[in-house]
Amino acid sequence: MMKFIISLLLAFSFYTVADDHGADADVLAAVNKYYAARNAEDFKTMVAMESNAGVCSTNSDGSFHKACAVETVEDYEQNYPDGLNNVYYPEATKISESVYLVRFYYEGVSGADSQPYRTRVTTTWVMENDEWVLRSQHYSPAAYGGVHQTVKSDFENE
């Protein structure tokens with residue numbers, strides 16, 4: 001009986017590894033950790049979770065692509081916008097063993113006057129030194145009607 005149980009456990013563990021659902025969960029956990037660090041202004045965590053080659057960014061403000069940049073804690077301390085934001089409905093798509101595309105909605109408030117902010121985000125996460133890190137991010141406006149307009153008090157109970 002014990003051999004049968006061990007055989008089942010081994011078969012299940014091989015299926016789990018082969019199916020790769022663990023990597024999806026790991027990437028989504030990295031996304032949540034990174035964006036929680038952004039809200040907390042935990043720049044040390046943010047920098048640690050960004051690619052050593054830099055992050056290539058495109059903002060939703062209509063500007064051109066930004067140059068790929070390796071940011072430091074000091075960079076973020078000097079030039080970081082006020083605001084609170086949440087990730088909604090993240091989805092991870094495996095591109096290769098070491099690359100995932102993650103898309104989600106990002107909503108919150110920004111600036112001293114707490115203006116509502118809503119955007120669609122596509123990010124690329126790559127494996128570096130056995131960790132998932134952010135390599136690129138693209139934000140596009142999602143100014144659609146008929147939905148809740150975020151206000152600062154939405155974040156007070158979290």
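Right, let's walk through the structure included here. From a predicted model like this one, the values you see are computed outputs, not experimental measurements.

Here we take up the sheet that holds strand β1 (residues 56–58). Strand order in the open sheet formed by five strands is β1-β5-β4-β3-β2, and the pairing between neighbours is mixed. The open sheet has two free edges, formed respectively by β1 and β2 (83–96), since each of these has just one partner strand. When strand polarity is set aside, the average angle formed by the axes of neighbouring strands in this sheet is 20°. Relative to strand β5 (residues 131–141), strand β4 (residues 115–128) is paired through 10 bridges, and the arrangement is antiparallel. From the neighbouring strand, R120 faces β5, where its bridge partner is S140.

This next bit is on the environment of M49. Mapped onto the elements, M49 comes out in the loop between α3 (43–48) and β1. Residue classification places M49 among the buried positions, given a relative accessible area of 8%. Between the C-alpha atom of M49 and that of E128, which follows or precedes it by 79 residues, the distance is 9.7 Å. Not counting residues up to four positions away in its chain, the partners in contact with M49 are A30, K33, Y34, W125, V133 and L134.

Summed over all chains, the structure comprises 12 aromatic pairs. Their ring planes at 80° and their centres at 6.0 Å tell us that Y34 and W125 sit as a pair that is edge-to-face. With Y34 in helix α2 (residues 21–40) and W125 in strand β4, this pair connects stretches of sequence that are 91 residues apart. Here Y34 and W125 have matching classes, each one buried. Ring plane angle 90° and centroid distance 5.3 Å describe the contact between Y100 and W132, whose orientation is recorded as edge-to-face. Taken together, the positions of Y100 in strand β3 (residues 99–110) and W132 in strand β5 put the pair 32 residues apart, joining distant regions of the chain. Residue class for W132 comes out buried when judged on its relative accessible area of 10%.

What counts as what
- Residues numbered from 1 in each chain as written.
- Predicted model: local features only at pLDDT ≥ 70, side-chain atom pairs only at ≥ 80, totals over all residues.
- Heavy atoms only, no water.
- Pairing = 2+ DSSP bridges.
- Helix = DSSP H or I, 4+ residues; strand = E, 2+ residues; numbered from the N terminus.
- Axes fitted to C-alpha atoms, helices over the stretch in contact; angles between N-to-C directions.
- Buried < 20%, exposed > 50% of the residue type's maximum accessible area, 1.4 Å probe, protein only.
- Contact = heavy atoms within 4.5 Å.
- Phe/Tyr/Trp six-rings, centres within 6.5 Å; stacked < 30°, edge-to-face > 60°.

None of the figures reported here should be taken as evidence of function without further support.
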